[in-house]
Amino acid sequence: MNKEKIRFYTLVGLFFILAGLLMSSQHFIKHWQTANAQPVFAASQQQTAAVKEKATISGEPSHIDIPAAGISIEVAPGYYNQKSQTWTLSLNKAHYAVMTPPPNNASGNTFIYGHNRKEVFSKLLNVKKGDQAVVTTTNGHKFTYVMASRHDTSPTDSSLFDYKGAPILTLQTCSGFWYQNRSIFVFDLQKVVYKCCYRSSFIS
């Protein structure tokens, strides 16, 4: 066999060897990708499930306690009448503005307001930064908030309804010599004690 034939068969043999290696490497790569993709997918599913579970902790407020101010009153649903441009008000209860998000551990601004009366929110004006407010919901959850800031504004200021972000609680009452102002108290969510499966659990 001359040198040319030997070289030809050698090249053909190398070609088939390389082709076999290439095909087997593609199979190995696909197997490796599949094996390593499963834990990531599983982790993603767990994270999604955790987010959904967290977002379900909410409820309509039924009571609010602010120990530092001596406030402990019921909370009733509150509505805005566009025709008369007035809000639902009570002489002995606070009101939750139903168009705002209910207390929850996901996002949004829960808005509760009330008259500047001793039976309602007159003592709210004594609340200081760091004081706690505990909102109990109709389904048994307890949301604890910490006062972060206060400011006075006009009755026509509706900027609080534009809030988007971490869950907060906003309380409002009248202030000023002629009750011409609206005092706004913003509380950050601190913890949630939620009722689940006939027992209470704690989430910080």
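Whatever comes next refers back to the structure up there.
Everything in this summary refers to the structure shown in the same document. No experiment lies behind these values; they were computed from the predicted model shown.

**A closer look at the overall build of the chain**
Looking only at helices and strands, one finds one helix and 11 strands in the chain. Across the chain, helices and strands are ordered from the amino to the carboxyl terminus as α-β-β-β-β-β-β-β-β-β-β-β. Counting over 204 residues, the chain shows a buried share of 31%. Long-range pairs, those at least 24 residues apart, make up 59% of the contacts in the chain with a sequence separation of at least 6. Looking at the chain as shown, the accessible area adds up to about 13300 Å², and 58% of this sits on carbon and sulfur atoms.

**Some words on the packing of aromatic side chains**
By the definition in use, this model includes seven aromatic pairs. Their ring planes at 85° and their centres at 6.2 Å tell us that Trp87 and Phe111 sit as a pair that is edge-to-face. Placement of the pair is Trp87 in strand 4 (residues 86–87) and Phe111 in strand 6 (residues 109–113), with a sequence separation of 24 residues. Overall, the relative accessible area of 2% leaves Phe111 in the buried class. An angle of 90° between the planes, with centres 5.8 Å apart, marks the rings of Phe111 and Phe161 as edge-to-face. Placement of Phe111 in strand 6 and of Phe161 in the loop between strand 8 (142–153) and strand 9 (168–175) is noted, with a sequence separation of 50 residues between them. Through successive ring pairs, a cluster of aromatic residues spans Tyr80, Trp87, Phe111, Tyr113 and Phe161.

**Details of the pairing of strand 5 (residues 94–97)**
Burial along strand 5 is two-sided: the face carrying Ala94 and Tyr96 and the face carrying His95 and Ala97 are both buried. Relative to strand 5, strand 2 (residues 71–78) runs parallel, the two sharing four bridges. Of the residues in strand 5, the one forming a bridge with Val75 is Ala94. When strand 5 meets strand 6, the two strands line up antiparallel, connected through two bridges. Considered in strand 6, the bridge of His95 is made with Tyr113.

**Re the side chain of His141**
Among the secondary structure elements, His141 is positioned in the loop between strand 7 (132–137) and strand 8. With relative accessibility at 6%, the residue His141 sits in the buried group. Looking at His141, its side chain comes within polar contact range of the main-chain nitrogen of Lys195, at 3.0 Å. Ignoring any residue separated from it by four or fewer positions in sequence, one finds His141 in contact with Ile57, Ser58, Val135, Thr136, Val193, Tyr194 and Lys195.

Thresholds applied
Residues numbered from 1 in each chain as written. Predicted model: local features only at pLDDT ≥ 70, side-chain atom pairs only at ≥ 80, totals over all residues. Heavy atoms only, no water. Helix = DSSP H or I, 4+ residues; strand = E, 2+ residues; numbered from the N terminus. Buried < 20%, exposed > 50% of the residue type's maximum accessible area, 1.4 Å probe, protein only. Contact = heavy atoms within 4.5 Å. Areas by Shrake-Rupley, 256 points an atom, 1.4 Å probe, with all protein chains shown as cover. Phe/Tyr/Trp six-rings, centres within 6.5 Å; stacked < 30°, edge-to-face > 60°. Pairing = 2+ DSSP bridges. Polar contact = N/O pair within 3.5 Å; in protein donor to acceptor, adjacent residues only side chain to side chain.

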